[in-house]
Amino acid sequence: METYDIVICGGGLVGTSLALSLAHLPLTICLIDPVAAPPPRHKDDRTFTLAQGSKRALTSLGVWSRLPENSFHPINEIEVSDRTGGFGLTHIRAHELGLDALGFVTENAALLAALYGALKETSVVIRAGRFASLEVRANAAVVTMSGTDGPTQLSGRLLVGADGTDSAVRAALAIPVTRHAYGREALVVNCQVTAPKPQTAFERFTPEGPLAALPLGDDRYTFVMSSTHAQDWQDLPEPQFLARLEQAFGQRLGHFRACGRRLRFPLIRQKAPHPAAVRAVLVGNAAHTLHPVAGQGFNLGLRDIASLADTIAETCRRQEDFGSRTVLDRYLAGRAHDVASTTEFTDGLVRIFSNKIGPLVVARNLALTLVDCLPSVKRALAVRTMGLKAPLPSLLRGLRP
Ligand SMILES: Cc1cc2nc3c(=O)[nH]c(=O)nc-3n(C[C@H](O)[C@H](O)[C@H](O)COP(=O)(O)OP(=O)(O)OC[C@H]3O[C@@H](n4cnc5c(N)ncnc54)[C@H](O)[C@@H]3O)c2cc1C
């Protein structure tokens, strides 16, 4: 059996970020993932919106400086509007809030490559394999991993499940979740447009559902459409698809010229009310999955791991047992408010803006107009989505745990 202090299952954005944030501590760490490598950049054109707080955390980890120049794009303005027949429109601008950017659109493949690149320069052991089963003992969690060489046993004083929405670690621990399917899918596609607005993102509430456009530099945008007919959108021949997308979005970016692969993702809200057990804790999507309307999922996961890293570092300094229930409960107590409020905020946006009842349409249009007129409301909204709400863990203050 291989023995470690911490075993992390799942080498996605959250698992790799956690491994990296713990790497400088006097701990032995193993990260397991079936792929255990970033996808080639040309095969993964997914993009994410990163909040200012997340950029700060990735900078502290030495990851931001590894991103290729053209793989991240600042957002300096967000135009939020209602295209369901209403009048509401608001602009949130970085300079009005005294910021250099509201957030950044980042390529998934480039970010994962930077995380794995930084990890390879640490003592973290990266193993290709799949979490298969678990035995929890008094002082350790013993994981059986299936890999190409057959099963391997690994023990950790703490097991972290960062294995995504359908977490096998969560299932093995029998940690329950509450789950709500929105009855829609997200359709994600990168398109070229004829009249790009540099560094401007759009959030449109359309009769079809929320439609976001995120700037990718030059004339390229990522569009994220939430729809009950995502399959129909995906199956359309490209010219008809582009015409329909342009009709849904409007003319603010001119005409839509060409697009890449169209990907579909199920839209759900899922939350483990208590994502920990003796010697084990869940982070990122394994603990909570959000609707992507506000681009908060990874940002929230990054705040999980920043806070967990602080808890582990502090526990090490005090020579306490970081796998104990008391320590993990303390970590969860510190995360409860952020997780609950970010979930409610995201869910509230989906409900309010998916509703077609007349008075609600008027109310949300008024709300958008009001936000536009009240700088303090705008600032509060921006602070929430930028992930800079105090108290901030070390990484989000630019420090190592
Ligand atoms: C359409 C869409 C748009 C989004 N846009 C944004 C955005 O703009 N901003 C934002 O912050 N968030 C966004 N999100 C959310 C974001 O994608 C997730 O929150 C984030 O990817 C979660 O990362 P994770 O590492 O927790 O999980 P995942 O990315 O799912 O990674 C899980 C990892 O676990 C591994 N794994 C699975 N099973 C096992 C096993 N048995 N053993 C070992 N390893 C295993 C997988 O290989 C994978 O590497 C979006 C989501 C969607 C669907």
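Residues numbered from 1 in each chain as written. Predicted model: local features only at pLDDT ≥ 70, side-chain atom pairs only at ≥ 80, totals over all residues. Heavy atoms only, no water.

**Section: the overall build of the protein**
This is how the line gets drawn: Going along the chain from the N terminus, every DSSP run of H or I of four or more residues is numbered as a helix, and every run of E of two or more is numbered as a strand. Remark: exposure states derive from per-residue accessible area (1.4 Å probe, protein chains only) relative to the maximum for the residue type, with buried under 20%, exposed over 50%, and partly exposed in between. Any pair of residues with heavy atoms lying within 4.5 Å of one another is described as a contacting pair. In these tables, accessible area is a Shrake-Rupley quantity obtained with a 1.4 Å probe, and a residue counts as shielded only by the protein chains included in the view.
Counting its regular elements, the protein contains ten helices and 20 strands. In the protein, which comprises 401 residues, the share counted as buried stands at 53%. Within the protein, counting contacts between residues at least 6 apart in sequence, those at least 24 apart form 73% of the total. If you sum the accessible surface of the protein, you get close to 16700 Å²; carbon and sulfur atoms cover 56% of it.

**Side note on the nonpolar core**
Rules: Buried residues of nine kinds, namely Ala, Val, Leu, Ile, Met, Phe, Trp, Tyr and Cys, make up a nonpolar core once their side-chain atoms join them within 4.5 Å.
I6, I8, V63, L111, V160 and I312 are the most contacted members of the largest nonpolar core, which totals 51 residues. Of all the elements in the fold, those that place two or more residues in this core are β1 (2-9), α1 (13-22), β2 (29-33), α2 (52-60), α3 (108-119), β11 (150-161), α7 (297-317) and α8 (325-354). The residues contacting I6, other than those within four sequence positions of it, are L22, L27, T28, I29, C30, L158, V160, I312 and F322.

**A few points about the pairing of strand β9 (residues 130-136)**
Two faces make up the sheet, and in a regular strand the side chains alternate between them. Here is the rule: Pairing between strands requires that DSSP locate at least two bridges from one strand to the other.
As defined by bridge partners, β9 adjoins strand β10 (residues 141-147) across six bridges and the pair is classed as antiparallel. Bridge pairing in β10 places V136 opposite A141. Hairpin connection between β9 and β10: a loop of four residues separates the two successive antiparallel strands.

**Focus: the site of the ligand**
Threshold: One heavy atom suffices: a residue is near a molecule or strand as soon as one of its heavy atoms comes within 4 Å of it. In protein, a polar contact means a hydrogen-donor-capable atom and an acceptor-capable atom, both N or O and within 3.5 Å, with residues adjacent in sequence counting only if both atoms are side-chain atoms; elsewhere, any N or O pair within 3.5 Å suffices. Each residue is assigned to one of three groups, with Ala, Val, Leu, Ile, Met, Phe, Trp, Tyr, Cys and Pro labelled nonpolar, Asp, Glu, Lys and Arg labelled charged, and all others, Gly among them, labelled polar.
Inspection of the region around the ligand gives 27 residues, with D33, T49, F131, N285 and F298 positioned closest. Taking G12, its main chain carries an N or O atom lying 3.3 Å from an oxygen atom of the ligand. Note that an oxygen atom of the ligand is positioned 2.7 Å from one of the backbone N or O atoms of T49. In isolation the ligand has 1000 Å² of accessible area, and contact with the protein removes 80% of it. Secondary structure elements with two or more residues in the shell around the ligand: α1, β2, β3 (47-51), β9, β12 (178-193) and α7. Considering each element in turn, the shell around the ligand owes the most residues, three residues, to α7. Its residues assigned to classes, the shell around the ligand comprises 13 nonpolar, eleven polar and three charged.

**Some thoughts on α3**
Cut-off, in case you're wondering: Helices are assigned an expected span. That span is 1.5 Å times one less than the residue count.
When the terminal C-alpha atoms of α3 are compared, their 16 Å separation across twelve residues agrees well with the 16 Å that a helix rising 1.5 Å per residue should span. Counting buried residues in α3 gives ten out of twelve residues, a clear majority hidden from the surface. The set of residues buried in α3 consists of N108, A109, A110, L111, L112, A114, L115, Y116, A118 and L119.

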